[in-house]
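# Residue-level structure breakdown
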Amino acid sequence: MSVDAVVLKGVTSGEGAGLAQRRLSFNQDWRFLQADVEGAESEDFDDKSWELVSAPHTYNDVDTFAHFQSRNHSGEREQWSGRTWYRKTFRLPESARDKKVFVEFEAVRQLAEVFLNGVFLGKCENGFLPFGFDLSPHLKVEGENVLVVMCDNSFVSDEEGEIKWSSYEGGARVSWNNPHWHPAHGGIYRNVYLHVMDKLHVTLPLYNNLETVGTYVYTPEVSPDHALVGVEIELRNEYEDSRKCEVRTEILDAAGFCVLELLENAQLSSGETVVVSSEGRIENPNLWDPERPYLYRARTRVFVDGRVVDTVDTPLGIRFWEFTADRGFLMNGRSMKLQGWGQKSTNEWAGLGNAFPDWMHFYTMNQMREAGGNMVRWGHTAGSPGQLESSDRLGLITIQPGVDGEGDLEGHSWDVRAQAFRDAVVYFRNHPSILVWEGGNQAVSLPHVKQLRSYCDRFDPHGKRAYAHRRPSKVTIDYSDIEIGTQGGHKFRDKPVVEGEYNREECPRRVWDDYSPPDFGYKVPRKQEYELTSESFAVNQVVEFVRRLGASNHCGGANWIFSDSTSGGRNDCEVTRASGVVDAVRLPKEAFYACRALFHWEPQVHLIGHWTYPLDRVTEKPLYVVSNCSEVELFVNGESRGFGKMSYKYLFTFDSIRWEAGEVEVVAYDGEGNEQARQRKETVATAVALRVTPIVGPEGFMADGSDVALFDVEAVDSEGRRHPTFQQRVEFDLAGPAVWRGGYNSGKEHSTNHLYLDLECGINRVAVRSTREAGRIELTARGSGLEPASVVLEAGQVGVESGVGVSPSAMPYDLSSGELKLVDEEMDGVSFEQSEGNYIKGFSYSGTRLSLPVMSNAEDGLQPYVDCDDYFEEIPEFMRGADYIQTSDGEKLYEAVDLMDFSVSERGTLYIAHDDRLSTPGWLKAYEKLDTGFVGRMQARPALELNDARLVLYGRKLEKNESVTLGSNREVGPDECRMYSVIFVPETVSDV
């Protein structure tokens, strides 16, 4: 249906009747048992001895960020796992009498089975998407009701190259339920809501179990001059008779003024569900943009006989965009480089796991914005409702997946994945920040990509969002609008490319550089995959961004990752994958400030490092400065040391600068010599005291049982300046109604949840969780030789009546960093480097080097490695003229599940020449070992001879345009070995 719009100018719409009562907090006062007991689902089970908890809740907050990573990306595997039980006793609020009542879980990890008053309602197996149930048929109008959730976080883990399951009681065995991809933190770790609605109501966007879709607000036509707004409202009548209603949708601007009103009438038979549609036009709309993320609201009210029976608010952002293969990304008609981060939607936090209030998700994402980011890619599971609301408000363009680890699935496991993607599209389709639906972290089969794409076409037909896969195959690219690349890869040049994962190196926050105490470099007991300092890691931010994403026709994309995670690390002397630009308590590394100077919309300059070196030794070192200006001048104690040498457009190097106590200053200029920005750093005196600074949510610290207060603890000198190289143990005393959760030290096992912690680089951050008791809490920090510090907070009372909260938790609204002003610019003189051969195409690489070359015309005497003098000797005749990848022998011990990825333009055979001193890695088992001398009809020698090594040949037939991913050289075996070689022989060459 379509109607003429009624535009009401200058009229403020009041809060719709029933809006505040429609969704109630159901977070507080659950009883929890970390064990499996028989009969716990029964209504009359005695749970009085169980622990009292509030959602968001995880039972893995005490055993995570506690174990060193293993080198094979397998993540932290030592958490407790198994079946647990949650029980909540409640009475219906007066407002729920004779109403429909639904429960919504934003997510439960991993398997959830839900019961009401002993009746099994259903389950959810995906672990990351919202789901709900209709409680009405089984509710007691008078007396107590008992809602029960069985939660099982048993998980799959990688061990010695094989995927093995711990005990698992039920549900789908799915790839993303693996610490390799996501930490296995179990529990009701996101919000729970009770929805109380009239029997004639707007449905909820909860397809899982309910099969309802709610509201759909879209803009089929947008320009700077006007916008056509469409709404589709799904209504359901649960009365026993037919009902007539009026559906009125007001489009409210940011100030609450109505700029458009849409009216429709509908009549619904008993039990009928209908969709009411209407459209209208807004003149001169405010556009949603990363520069200025302007949000309207679509407020839908349902009237029966002149009385409001239901009210629903839906976010609306008006914008238009385009992904192009030749001009990059355009937002609202102008060029914009996407620059941001990938992030796990678990968003895990040391000491807290994955369960904390939404204001902390906002905190993390506001840090992305403060660093100049304008996008986020959730990897590889859907961002949460709170995270998407944050993206809408902050202007972070979002790539939103369903659920995935890597690769395809079959049977019931695939059904769970596909249905979760469907549920994500339905639930999140009104968020203006989402511009891309990601179907998978890798390619899938033809039937599966068709199925996933169909959900976008069915449930988001007017959203104009792109559909995509990371590392797509020829099959998936035909159903994709863009390609999600990896490490600068771009297989299909006729499609636009958005980067999904670049700069995957690792570095802990505590290591400044090779010249700073206490360790003077990254000093660890054994060789690591990455041995970067904070300085070199920050420099890499510039080099990787420009090299991978710098071309003007590249849309930009995601640095991997924003905060340090417990998933997929490769340094076995750290408890995290330290690839973040902030650590696991969100303290920035130097890489954060480097990215801000690189990405930011205003003139920036940042000197990497500090200016407090030891007095008892001579320090002479290069200084690195990142700036988005044209020139940078360095001053030491007021004396100019000249201008930095520019490289990669944003990096300025000053060679051999001798440290002098005092101050260092960098001044950035535009091309005409006008000062644009400056930064000064001082030599800090000896630390004499501690300083404690609290960080709380927008309502203060609330006694709801799940709120968190953060405390920054710093070692400062007599002038209150943080000492940048101070590293020492600090002890804490906590008094009052709060639970200590502490922080962590990345280079130590089991450092969380203790009343002591090392400060690193002069600072650390700790957390306490609230209880259900209001009152005064006091935190005191003490350290040897330092004046102690204390801080006092009040935990505010939270109203809960008969198990039901009075309102949902608040989210921050004020943006501390102000309005974004992005600068349009192309990186002149920067080319998009893509290595290709005659047959190997779309090559991408995720190792330690910037790139690897793809070579053509293999023959004797050519070098298979980029970093040693080996050469091919007596290469098999049929391989002459083939393509080969010049691999790095320095990466023979490097661990990666996706070290290389490419496709081939012709049918042929891919050969891997692998050191026979090593056991066969898991990925190579899909290849045929050439101990017979034949692959198909092509004769081959069983080994490839180098001048000082013998590599055994493995072969696999590839079809035209087939994609392939190659992993690590070894999973177990001796360190004395050689890296494998890669040769592709097309049939046209082998036939000659």
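The chain is annotated in an unreviewed UniProt entry as DUF4982 domain-containing protein from Pelagicoccus mobilis. Looking at the Sequence similarities (unreviewed entry) heading of the UniProt record, one finds this comment for the chain: "Belongs to the glycosyl hydrolase 2 family."

The number of helices and strands found in the chain is 10 helices and 62 strands. Its C-alpha atoms give the chain a radius of gyration of 29 Å, within 12% of the compact-globule value 30 Å for 992 residues. Overall, the C-alpha framework of the chain stretches about 90 × 75 × 65 Å when taken along its three principal axes. Within the chain, buried positions represent 63% of all 992 residues. Of the accessible surface of the chain, which amounts to about 34,300 Å², a share of 45% is contributed by carbon and sulfur atoms. One way to put it: in the chain the 103 positive side-chain charges average out to a point 1 Å from where the 155 negative ones average out.

Side chains bearing opposite charge may pair, as long as their charged atoms lie close to each other. Scanning the model with the defined rule gives 69 salt bridges in all. We note a salt bridge from D583 to R509, for which the minimum N-O separation is 2.9 Å. Of this pair, D583 sits in the loop between β31 (556-560) and α9 (590-599) while R509 sits in the loop between β30 (497-502) and α8 (534-549), and the two are 74 residues apart along the sequence. One exposure class covers both D583 and R509, and it is buried. Members of the salt-bridge network, linked through shared partners, are R377, E406, E438, R470, E501 and R504.

What follows concerns α9. Counted residue by residue, α9 has eight buried out of 10 residues, so it is predominantly covered. What α9 keeps buried is the set E590, A591, F592, A594, C595, A597, L598 and F599.

With that settled, the discussion passes to the nonpolar core. Counting 72 residues, the largest nonpolar core has L129, W341, F421, F428, W437 and V626 as the members making the most contacts within it. By size, the runner-up hydrophobic cluster in this structure holds 44 residues, among which are L852, Y927, V964 and L966.

Axis separation between α8 and α9 bottoms out at 8 Å; the angle between their running directions is 30 degrees. Relative to α9, the element α8 lies roughly parallel. The chirality of how α8 crosses α9 is right-handed. For the pair α8 and α9, contact is made by S534, F537, A538, Q541, V542 and F545 and by E590, A591, A594, C595, L598 and F599, respectively. Class assignment of the residues belonging to the contact of α8 with α9 gives a composition of nine nonpolar, two polar and one charged.

A few words on the pairing of strand β29 (residues 483-486). One face of the sheet, then the other: side chains in a regular strand alternate in exactly this way. Of the two faces of β29, both are covered, the one formed by E483 and G485 as well as the one formed by I484 and T486. Bridge count between β29 and β30: four bridges; the pairing is parallel. For E483, the partnering residue across the bridge sits in β30 and is V497.

What follows covers the UniProt feature "domain: DUF4982" (unreviewed entry) in the chain. Mapped onto this structure's residue numbering, the UniProt feature "domain: DUF4982" (unreviewed entry) falls at residues 620-676. From the first C-alpha to the last, residues 620-676 spans 28 Å; its make-up is 0% helix and 68% strand.

Here the focus is the sheet that holds strand β61 (residues 963-966). If you trace the three strands from one edge of the open sheet to the other, you get β51-β54-β61, paired in antiparallel fashion. The sheet terminates laterally at β51 (840-845) and β61, the two strands that pair on one side only. Between one strand and the next, the sheet's axes are offset by a mean angle of 15 degrees, whatever the strand orientation. Inspection of the sheet shows strand β54 (residues 900-904) paired to β61 by four bridges, in the antiparallel sense. Directly across from S903, in β61, lies its bridge partner S963.

This paragraph deals with the side chain of S74. In this structure, S74 sits in the loop between β3 (51-53) and β4 (83-90). A polar atom in the side chain of S74 sits 3.4 Å from the side chain of R77. Ignoring sequence-local partners within four residues, the contact set of S74 consists of D158, N178, P179 and H180.

Omega for the peptide link from R109 to Q110 comes to 5 degrees, which places this bond in the cis form. Of note, Q110 is situated in the loop between β5 (100-105) and β6 (111-116). In the segment running from P517 into P518, the intervening peptide bond is cis, with an omega of 10 degrees. If you trace the backbone, P518 turns up in the loop between β30 and α8. Notably, N117 is not glycine yet its phi reads approximately 50 degrees, a positive angle.

Strand order in the open sheet made by the six strands is β3-β2-β4-β9-β6-β7, with antiparallel pairing throughout. This sheet does not close on itself; its edge strands, each paired only once, are β3 and β7 (119-124). The sheet shows a mean angle of 25 degrees between the axes of neighbouring strands, taken without regard to direction. Two strands pair when backbone bridges link them, and strand β2 (residues 30-33) and β4 are joined in this way by three bridges, in the antiparallel orientation.

Let's shift gears to helix α4 (residues 385-394). Within α4, nine of the 10 residues are buried, which leaves the element mostly enclosed by the surrounding structure. Turning to α4, its buried residues are P385, G386, Q387, L388, S390, S391, D392, R393 and L394. In this fold, the buried residues of α4 make contact with β20 (307-316), α3 (358-370), β25 (375-378), β26 (397-401), α5 (411-428) and β27 (434-440). The positive-phi residue at the C-terminal boundary of α4 is G395, with phi of around 80 degrees.

Moving on to the packing of aromatic side chains. All chains considered together, the criterion is met by 36 aromatic pairs. Taking the centre distance of 5.2 Å and the plane angle of 85 degrees together, the rings of F592 and Y593 count as edge-to-face. Assessed through its relative accessible area of 4%, F592 is described here as buried. Note on Y593: relative accessible area 25%, which makes it partly exposed. One aromatic cluster in this structure is built from F26, W30, F32, Y59, W80, Y86, F90, F105, F131 and F133. Across the ring face of Y193, the terminal group of R23 is positioned such that the distance to the ring centre comes to 3.9 Å. A cation over an aromatic ring shows up here: R243 above the ring of Y239, its NZ or CZ 3.7 Å from the ring centre.

Conventions adopted
Residues numbered from 1 in each chain as written. Predicted model: local features only at pLDDT ≥ 70, side-chain atom pairs only at ≥ 80, totals over all residues. Heavy atoms only, no water. UniProt positions renumbered as here; feature names shortened; annotations may be inferred. Helix = DSSP H or I, 4+ residues; strand = E, 2+ residues; numbered from the N terminus. Rg over C-alpha atoms; globule rule 2.2 N^0.38 Å. Buried < 20%, exposed > 50% of the residue type's maximum accessible area, 1.4 Å probe, protein only. Areas by Shrake-Rupley, 256 points an atom, 1.4 Å probe, with all protein chains shown as cover. Lys, Arg positive; Asp, Glu negative; His and termini not counted. Charge placed at Lys NZ, Arg CZ, Asp CG, Glu CD. Salt bridge = Lys/Arg side-chain N within 4 Å of Asp/Glu carboxyl O. Core = buried A, V, L, I, M, F, W, Y, C linked by side-chain atoms within 4.5 Å. Axes fitted to C-alpha atoms, helices over the stretch in contact; angles between N-to-C directions. Parallel < 35°, antiparallel > 145°, perpendicular 65-115°, else oblique. Left-handed = near helix turned anticlockwise from the far one by under 90°. Contact = heavy atoms within 4.5 Å. Nonpolar A, V, L, I, M, F, W, Y, C, P; charged D, E, K, R; others polar. Pairing = 2+ DSSP bridges. Polar contact = N/O pair within 3.5 Å; in protein donor to acceptor, adjacent residues only side chain to side chain. Phe/Tyr/Trp six-rings, centres within 6.5 Å; stacked < 30°, edge-to-face > 60°. Lys NZ or Arg CZ within 6 Å of the ring centre and 35° of its normal.

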